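Structural features, examined
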Amino acid sequence: MTIYEETRRIDCENAVGRRLVVIEQRKWLSIAPGAQVRVPVFDYMTEDGQIANRLDDENFLLLMTDEVFHRA
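First, a word on what this report is: a plain description of the structure on this page. Keep in mind the model is a prediction, meaning the values are calculated, not measured. (Residues numbered from 1 in each chain as written. Predicted model: local features only at pLDDT ≥ 70, side-chain atom pairs only at ≥ 80, totals over all residues. Heavy atoms only, no water.)

What follows is about the sheet that holds strand β3 (residues 41-46). Read around the barrel, 6 strands follow the order β1-β2-β3-β4-β5-β6 and close on themselves; strand pairing throughout is antiparallel. Here the strands of the sheet are splayed against their neighbours by 40° on average, with no regard to which way each runs. Pairing of strand β4 (residues 51-54) with strand β5 (residues 59-62) involves 3 bridges; the strand directions are antiparallel. Directly across from Asn 53, in β5, lies its bridge partner Leu 61. (Pairing = 2+ DSSP bridges. Helix = DSSP H or I, 4+ residues; strand = E, 2+ residues; numbered from the N terminus. Axes fitted to C-alpha atoms, helices over the stretch in contact; angles between N-to-C directions.)

Set out below in C-alpha cells:
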C-alpha cells in the first residue's frame, strides 16, 4: 500500500493567465516490517486531478494538455 501526504499547494499561472493550484504530495512506499526505510518520492497534481510534472523550481507541465504553468 502506498501512503500519500499533502505537503503544500502552489499557486500557478500559464502564459495566457489561466490559474490553477498544483498540489505537492509526498509518496511513501509501503515496506515490510524491519526493511530499510526509503526516501519519499514527490508527486504533483492539480486540484481537479490532472497529473503535473515538475520541470524546475518555478515551472510545472500538465501532462494531458502539454500546458506549462509558472508559480504565480
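This is not the end of the story, as more comes after the structure.
Within this structure, the stated rule accounts for 1 aromatic pair. Summarising the aromatic geometry, the rings of Tyr 44 and Phe 60 are spaced 5.4 Å apart at their centres and angled 55° between planes, so their arrangement reads as tilted. One end of the pair, Tyr 44, is in strand β3; the other, Phe 60, is in strand β5, with 16 residues separating them in the sequence. Each member of the pair, Tyr 44 together with Phe 60, is buried. (Phe/Tyr/Trp six-rings, centres within 6.5 Å; stacked < 30°, edge-to-face > 60°. Buried < 20%, exposed > 50% of the residue type's maximum accessible area, 1.4 Å probe, protein only.)

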